[in-house]
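A closer look at the structure
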Amino acid sequence: MRFVAIVLILAGCSSRDQSEGEPAPPFDESDAAVEAPTDAGPSRDAGTGPGPEGDGYYLRNGPYMYGPDSSRQTGVPQGALMSFTWAESTIYPGTTRKVTVYVPKQYDGSTPAALMVFQDGSSYVSNNNFKTPTVLDNLIAKKQVPIIIGVFIDSGGANRSVEYDTLSDRYVRFVLGEILPQVQTRYGLTISDDPEQRAAVGLSSGGICAFTMAWQRPDQFRRVMTHSGSFTNIRGGNKYPAMIMSSPAKPLRVFLNSGSKDLVNGAGSWPAGNQAMFDALTGKGYHVRYVFGDGGHVGPQAGTTLPETMLWLWR
């Protein structure tokens with residue numbers, strides 16, 4: 001059976017966490033990446049079932065090198081990028097955000113597309129740490145992931161922490177009720193309603209938002225990818241490990257990433273928060289993969305793992 005995926009990537013105007021308007025330090029870029037080919041991880045065919053392969057804890061210290069799947073390859077078709085501005089939200093009135101849509105060359109509309117929602121999407125599109133469109137081009141061409149359409153949506157700027165860090169279904173209702181209908185109507189895209197073909201992705205506060213989307217609506221999103229997720233005391237995000245342990249397990253597949261130089265401030269420790277999430281998810285039997293290194297907040301440590309993470313996420 002052939003699957004087609006849509007990646008919906010939601011971007012933040014600011015690449016920083018905010019706690020009641022107090023911005024956290026900017027991303028630590030001290031873990032500079034080295035541009036050199038490296039093995040991005042084992043190849044896996046899309047649609048083979050989730051399975052436990054690749055689950056667990058992985059230590060990845062630097063130097064962080066980009067593999068061939070993060071570089072333009074000769075003969076690989078390149079997807080198109082299109083953008084629009086959304087300023088008519090009724091769920092977050094008064095906000096304006098840019099939405100960018102990636103459509104791979106292979107998409108022909110004959111099959112409903114799967115969906116990934118990336119918070120802080122501008123970072124995933126334009127930030128050299130991730131090289132997301134290039135990674136998608138390469139993995140789609142090799143048929144190692146489904147055909148993926150990417151939609152990158154900015155946060156509401158100063159409203160970012162309210163949108164991303166709040167542990168409620170408000171943000172996922174915004175995505176489902178406002179953004180997805182706009183994307184489908186404007187570009188004539190067909191999106192699968194199978195939650196196994198839907199994923200949420202994000203970095204920092206966008207990372208906890210991605211998890212909240214799936215936690216609140218597992219009937220809509222079941223695959224989650226986070227980078228330096230803010231599972232700390234910003235609007236109560238540090239409560240998730242206890243909530244996970246005390247709740248019936250949900251059919252989610254979760255990727256976590258952090259590093260020893262990640263943030264530690266008044267809201268808590270990002271490395272400790274991600275470790276607590278991993279322990280809780282593991283304890284409840286979830287499919288979870290945690291990559292920890294010696295990098296900082298997001299940075300190249302996260303970006304260089306994107307190809308292999310995509311393979312694991314879309315098993």
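Residues numbered from 1 in each chain as written. Predicted model: local features only at pLDDT ≥ 70, side-chain atom pairs only at ≥ 80, totals over all residues. Heavy atoms only, no water.

Attention now moves to the environment of G236. Of note, G236 is situated in the loop between β12 (223-227) and α6 (240-246). G236 gets classed as buried once you look at its relative accessible area, which sits at 8%. In this structure, the C-alpha to C-alpha distance between G236 and D165, residues 71 residues apart in sequence, is 8.0 Å. (Helix = DSSP H or I, 4+ residues; strand = E, 2+ residues; numbered from the N terminus. Buried < 20%, exposed > 50% of the residue type's maximum accessible area, 1.4 Å probe, protein only.)

A separate point is empty space enclosed by the protein. For the coordinates displayed, the defined rule picks out one cavity of 30 Å³ or more. Put simply, the largest cavity is a space of about 40 Å³. Of all the secondary-structure elements, those providing two or more residues to the lining of the largest cavity are α3 (160-165), α4 (170-187) and α5 (205-216). At four residues, α5 tops the list of elements feeding residues into the lining of the largest cavity. Looking at the lining of the largest cavity residue by residue, the class counts come to five nonpolar, four polar and two charged. (1 Å grid on protein atoms, 1.4 Å probe; cavity = no way out; pocket = protein on both sides within 12 Å on 5 of 7 lines; lining within 4 Å. Points joined across faces, edges and corners; volume = space filled by probe spheres on them. Nonpolar A, V, L, I, M, F, W, Y, C, P; charged D, E, K, R; others polar.)

With nine of 10 residues buried, helix α2 (residues 132-141) is to be regarded as a mostly interior element. Those residues of α2 lying buried are T132, P133, T134, V135, L136, D137, N138, L139 and I140. With its phi angle positive at about 60°, K143 sits one or two positions after the end of α2.

With respect to burial, strand β11 (residues 198-203) is a largely interior element, six of its six residues being buried. The sheet contact formed by β11 and β12 spans five bridges and is parallel. Bridge pairing links V201 to M225 in β12. Taking the sense of rotation as the criterion, the β-α-β connection linking β11, α5 and β12 turns out right-handed. (Pairing = 2+ DSSP bridges. Right-handed = clockwise from strand over helix to strand, strands pointing away.)

Let us look at α5. Taking 1.5 Å per residue, 12 residues should reach 16 Å; α5 reaches 16 Å between its end C-alpha atoms and fits that length. Burial runs high along α5: 11 of the 12 residues are buried. When α5 is considered as a whole, its buried residues turn out to be S205, G206, G207, I208, C209, A210, F211, T212, M213, A214 and W215. (Expected span 1.5 Å × (residues − 1).)

Moving on: the side chain of S161. Within the fold, S161 resides in helix α3. Within polar-contact distance, the side chain of S161 engages the side chain of R235 at 2.9 Å. (Polar contact = N/O pair within 3.5 Å; in protein donor to acceptor, adjacent residues only side chain to side chain.)

Okay, the pattern of salt bridges next. Going through the model one piece at a time under the given rule, you end up with 11 salt bridges. A salt bridge links E308 to R60; the nearest nitrogen and oxygen atoms lie 2.8 Å apart. Residue E308 is found in helix α9 (residues 306-313), and its partner R60 is found in the loop between β5 (56-59) and β6 (64-65); the two are separated by 248 residues along the sequence. Judged by relative accessible area, E308 falls into the buried class, the value being 11%. R60 sits in the partly exposed class, given a relative accessible area of 27%. R97 serves as the salt-bridge partner of E163, at 2.9 Å between the closest nitrogen and oxygen. (Salt bridge = Lys/Arg side-chain N within 4 Å of Asp/Glu carboxyl O.)

With that settled, the discussion passes to unusual backbone geometry. Omega for the peptide link from G62 to P63 comes to 5°, which places this bond in the cis form. Here P63 shows up in the loop between β5 and β6. Here S228, not a glycine, exhibits a phi torsion of approximately 50°, which is positive. Checked against the element boundaries, S228 lands in the loop between β12 and α6. A relative accessible area of 1% places S228 in the buried class. The backbone of V298 sits at a positive phi, close to 65°, despite the residue not being glycine. Locating V298 in the fold gives a position in the loop between β16 (287-293) and α8 (299-303). We classify V298 as buried; its relative accessible area is 1%.

As a further point, take the packing of aromatic side chains. One pass over the structure, following the stated rule, counts 15 aromatic pairs. Ring geometry for F211 against W215: centres 5.8 Å apart, planes inclined by 25°, an arrangement best described as stacked. Of this pair, F211 and W215 both sit in helix α5, four residues apart, which is roughly one turn of the helix. Since its relative accessible area comes to 0%, F211 is described here as buried. Ring centres 6.1 Å apart and planes at 85° place the aromatic pair F211 and F231 in the edge-to-face group. On the criterion of sequence distance, the pair formed by F211 in helix α5 and F231 in the loop between β12 and α6 is long-range, its members being 20 residues apart. Among the aromatic side chains, those forming a connected cluster through ring pairs are Y57, F278, Y290 and F292. Here the guanidinium or amino end of R186 rests over the ring plane of F84, the centre of that ring lying 4.1 Å away. (Phe/Tyr/Trp six-rings, centres within 6.5 Å; stacked < 30°, edge-to-face > 60°. Lys NZ or Arg CZ within 6 Å of the ring centre and 35° of its normal.)

Just distances and angles here, no functional claims.
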